[in-house]
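Topology and contacts: notes
The residues making up each chain are set out below.
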Amino acid sequence: MGRLEGKVAFVTGAARGQGRSHAVRLAEEGADIIAVDLCDSIPSVKCYAPASADDLKQTAAAVEFTGRRVVSARVDVRDADALTRAVRNGVTELGRLDIVVANAGILELDPVAEVRAESWRDIIDINLTGVWNTVQAALPHMTSQGTGGSIVLTSSTAGLKGLSNAAPYTASKHGVVGLMKTLAKELGEHSIRVNTVNPTNVDTSMIQNGRVWGLFDPSNPAPTKESARSAFTTVSVLPVPWVETADVSNAVAFLASDEARYITGITMPIDAGFLIK
């Protein structure tokens, strides 16, 4: 505990799931948090329900429970101006910005021939352009401080390997890896490190829904989390069906800390061996 004392972290997609877990984990390590999320539906995403404004309030309460400060706002990462305002307001209140966790992302599953133009556009705009917008909003504050920092972009094992039924998602997450490598090169002179985390299936609503369970348990007319569990387990080397949000958050906290002070430009799988299966 205390590895991030005195620092401020900006987390997108913070209302629930991995984003909430990251915000709380960084707060446990001493960071104050700027937390944003859309908290609204995206019509092209039909697999799972969106986060709500109440979810974001729960994240803020969980951060405050650790004793840290939090500034939260409902922001669409596709809106660069709104992101810029949210970061500026957060820095005004919290005093600085040291860590960025560009986590906001969506998933929809369809075979290539059935991917709708709207779905492609939304996934690329949120998962890739939204990451770009997040970094652009944060960089002026980080570079002007002259004290370096850490940027962690949420990619996926789909950023390192092609996944069936997920062409837009896979393309977006590969794009995040490429963006990370260029950012790491250009921002090194400012002592700003840039890395990706590349999780496998994580136990959140993004995979825990009927559409995904059905892909893993296709013969079952009413698949459930439990009925799909064994099939999920077969995709990994370690005998687990999925990882927990805390497993990813621990990697994020490490990359944000001085323990990773010379680590930049890497992809860090948290994948239970998925990529070597």
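Note that the structure is predicted; figures quoted are calculated from it, not measured.

**Focus: the packing of aromatic side chains**
Counted by the stated rule, this structure contains two aromatic pairs. Measuring from centroid to centroid gives 3.8 Å for Phe216 and Phe232, while their planes differ by 15°, and the two rings are stacked. Placement of the pair is Phe216 in helix H6 (residues 210-216) and Phe232 in helix H7 (residues 225-233), with a sequence separation of 16 residues. Summarising the aromatic geometry, the rings of Phe232 and Trp242 are spaced 5.1 Å apart at their centres and angled 75° between planes, so their arrangement reads as edge-to-face. Of this pair, Phe232 sits in helix H7 while Trp242 sits in the loop between H7 and helix H8 (245-256), and the two are 10 residues apart along the sequence. Considered together, Phe232 and Trp242 belong to a single accessibility category, that of buried residues. One aromatic cluster is present, formed by Phe216, Phe232 and Trp242 through successive ring pairs. A cation over a ring is seen here: Lys161 above Phe274, with NZ or CZ 4.4 Å from the ring centre.

**Quick look at the pairing of strand S6 (residues 192-199)**
Among the eight residues that make up S6, eight are buried, leaving the element largely enclosed by the rest of the structure. Residue alternation in S6 divides its side chains into two sets, Ile192, Val194, Thr196 and Asn198 and Arg193, Asn195, Val197 and Pro199, and both sets are buried. Relative to S6, strand S5 (residues 149-154) runs parallel, the two sharing six bridges. Paired with Thr154 across the bridge in S6 is Val197. In this fold, S5 hands off to helix H5 (residues 167-187), which returns the chain to S6; that crossover is right-handed.

**A word on the pattern of salt bridges**
Taken as a whole, this structure holds 12 salt bridges when the rule is applied. One salt bridge in this structure joins Arg3 and Glu29, with 3.3 Å as the shortest N-O distance. Pair noted here: Arg3 is in the segment before strand S1 (8-12) and Glu29 is in the loop between helix H1 (17-28) and strand S2 (32-37), with a separation of 26 residues, a long-range link. According to the relative accessible area criterion, Glu29 is buried, its value standing at 2%. As a salt-bridge pair, Glu29 and Arg25 come within 3.1 Å of each other at their nearest N and O atoms. Each member of the pair, Glu29 as well as Arg25, carries the same accessibility label: buried. Each of Arg3, Arg25, Glu28, Glu29 and Glu259 takes part in salt bridges that share partners, so that together they form one network.

**Some details on the side chain of Asn198**
Checked against the element boundaries, Asn198 lands in strand S6. Among the polar contacts made by the side chain of Asn198, one reaches the side chain of Thr196 at a distance of 2.7 Å. Here Asn198 is in contact with Ser155, Ser156, Thr157, Leu160, Val177, Thr267, Met268, Pro269 and Ile270, once residues within four sequence places are set aside.

**Things to note about the packing of helix H3 (residues 80-94) against helix H4 (residues 117-145)**
Helix-helix packing: each pair is described by the crossing angle between the helix axes and the interaxial distance. Interhelical geometry of H3 versus H4 gives an angle of 35° and a closest axis separation of 9 Å. The handedness of the crossing between H3 and H4 comes out as right-handed. Counted together, Ala80, Leu83, Thr84, Val87, Arg88 and Val91 of H3 and Gly130, Asn133, Thr134, Ala137, Ala138 and His141 of H4 form the full contact between these two elements. Partitioned by chemical class, the residues of the contact of H3 with H4 number six nonpolar, five polar and one charged.

**Examining the pairing of S5**
When you tally the buried positions in S5, you get six out of six residues, the bulk of the element. Where strand S4 (residues 99-102) lies against S5, four bridges are found, and the strand directions are parallel. Opposite Val100, over in S5, you have Ile151 as the bridge partner. Handedness of the β-α-β unit built from S4, H4 and S5 comes out right-handed.

**So, the state of the cysteines**
Overall, the coordinates contain zero disulfides when judged by the stated rule. The cysteine Cys39 is free of any disulfide, with Cys47 supplying the nearest cysteine sulfur at 20 Å. Its relative accessible area of 7% is what places Cys39 among the buried residues. On the basis of relative accessible area, Cys47 is assigned to the buried category, the value being 10%.

Calculation criteria
Residues numbered from 1 in each chain as written. Predicted model: local features only at pLDDT ≥ 70, side-chain atom pairs only at ≥ 80, totals over all residues. Heavy atoms only, no water. Phe/Tyr/Trp six-rings, centres within 6.5 Å; stacked < 30°, edge-to-face > 60°. Helix = DSSP H or I, 4+ residues; strand = E, 2+ residues; numbered from the N terminus. Buried < 20%, exposed > 50% of the residue type's maximum accessible area, 1.4 Å probe, protein only. Lys NZ or Arg CZ within 6 Å of the ring centre and 35° of its normal. Pairing = 2+ DSSP bridges. Right-handed = clockwise from strand over helix to strand, strands pointing away. Salt bridge = Lys/Arg side-chain N within 4 Å of Asp/Glu carboxyl O. Polar contact = N/O pair within 3.5 Å; in protein donor to acceptor, adjacent residues only side chain to side chain. Contact = heavy atoms within 4.5 Å. Axes fitted to C-alpha atoms, helices over the stretch in contact; angles between N-to-C directions. Left-handed = near helix turned anticlockwise from the far one by under 90°. Nonpolar A, V, L, I, M, F, W, Y, C, P; charged D, E, K, R; others polar. Disulfide = S-S within 2.5 Å.

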